[in-house]
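Geometric and topological summary
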Amino acid sequence: VSQASSATALAAAPSPSAYGQVVTLTATVTGPGITPTGTVAFTDGGAAVSGCGAVALSAGGVATCTLPAGLAGGAHAFSALAGGDSNYLASTGAAAHTVDRVAPTASLSSSSNPSIYGSPVTLTFASSGPAAAPTGTVTFREGATTLCTATLSGGGATCEVPLFGVATHALT
């Protein structure tokens, strides 16, 4: 008796997801008779998904793989390869998935407000995102004038302004 064909359906949820969300891949393997057994290997763009190389099928023919928060933003091409068993041939299912970028929250504060003329003021920028702290640089400005540029560390940066004139200042 020959092995029968199996079919593998793959779904990613939530879909699309936002950066920082946990994504669950669910493979459902079916055949014309009894429920298939064995394991499923999950890949992303052809690369093995860490910890999901040989996920056992449940009694209902389902295997799941939970991806950690912080999945890279953009398009993903997930695949699930059901390895087959003594009754069924191997089969593959695919699912396209998009991880949307999420804007970090940001705030700007001053060491003293109002400040005293002649005293330096430290400006502090703080940002946070749903997963890893944002990286890059931040530019402190008063109108079109750049006061300083600083590198983000742990999602924050500071700028010391030695002297502000007597006035109201609009900072960004």
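The sections below set out a description of the structure shown in this document.

**A few points about the overall build of the protein chain**
Summing up its helical and strand segments, the protein chain has 0 helices and 14 strands in all. Across the protein chain, helices and strands are ordered from the amino to the carboxyl terminus as β-β-β-β-β-β-β-β-β-β-β-β-β-β. In terms of overall size, the protein chain is more extended than a compact globule, its C-alpha atoms giving a radius of gyration of 26 Å where 172 residues would be expected to give roughly 16 Å. Considering only C-alpha atoms, the protein chain reaches an extent of 90 × 25 × 20 Å along its principal axes. With 172 residues in all, the protein chain has 28% of them scored as buried. For the protein chain, contacts bridging at least 24 residues in sequence account for 53% of all contacts bridging at least 6. In the form shown here, the protein chain has an accessible surface area of approximately 9500 Å², with 57% of it arising from carbon and sulfur atoms.

**Description of empty space enclosed by the protein**
This structure, assessed with the given rule, holds 1 cavity of 30 Å³ or more. The space that makes up the largest cavity amounts to roughly 40 Å³. Val29, Pro36, Thr37, Ala82 and Gly84 are the residues nearest the centre of the largest cavity, which is lined by 13 residues in total. When its residues are assigned to classes, the lining of the largest cavity shows 7 nonpolar, 5 polar and 1 charged.

**Let's talk about the environment of Leu25**
Along the chain, Leu25 turns up in strand E3 (residues 23-30). Spatially, the C-alpha atom of Leu25 lies 6.3 Å from that of Thr66, the residues being 41 residues apart in sequence. With residues near it in sequence (within four places) discarded, Leu25 still touches Leu10, Ala11, Ala12, Phe42, Ala63, Thr64, Cys65, Leu67 and Phe78.

**Structural notes on the layout of surface pockets**
Quantified by volume, the largest pocket comes out at close to 290 Å³. Surrounding the largest pocket, 19 residues form its lining, Asn113, Ser115, Phe164, Ala167 and His169 being those nearest its centre. Of the residues assigned to the lining of the largest pocket, the class counts are 10 nonpolar, 9 polar and no charged.

**Some remarks on the nonpolar core**
Counting 21 residues, the largest nonpolar core has Leu10, Leu25, Val40, Phe42, Cys65, Leu67 and Phe78 as the members making the most contacts within it. Only strand E1 (7-13), E3, strand E4 (39-44), strand E7 (62-67), strand E8 (74-82) and strand E9 (91-100) provide two or more residues apiece to this core. Top contributing element to this core by residue count: E3, with 4 residues. Apart from residues lying up to four places away in sequence, Cys65 is in contact with Val23, Thr24, Leu25, Phe42, Val49 and Cys52. Listed in part, the 12 residues of the second largest apolar core include Val121, Leu123, Ala150 and Phe164.

Thresholds applied
- Residues numbered from 1 in each chain as written.
- Predicted model: local features only at pLDDT ≥ 70, side-chain atom pairs only at ≥ 80, totals over all residues.
- Heavy atoms only, no water.
- Helix = DSSP H or I, 4+ residues; strand = E, 2+ residues; numbered from the N terminus.
- Rg over C-alpha atoms; globule rule 2.2 N^0.38 Å.
- Buried < 20%, exposed > 50% of the residue type's maximum accessible area, 1.4 Å probe, protein only.
- Contact = heavy atoms within 4.5 Å.
- Areas by Shrake-Rupley, 256 points an atom, 1.4 Å probe, with all protein chains shown as cover.
- 1 Å grid on protein atoms, 1.4 Å probe; cavity = no way out; pocket = protein on both sides within 12 Å on 5 of 7 lines; lining within 4 Å.
- Points joined across faces, edges and corners; volume = space filled by probe spheres on them.
- Nonpolar A, V, L, I, M, F, W, Y, C, P; charged D, E, K, R; others polar.
- Core = buried A, V, L, I, M, F, W, Y, C linked by side-chain atoms within 4.5 Å.

Just distances and angles here, no functional claims.
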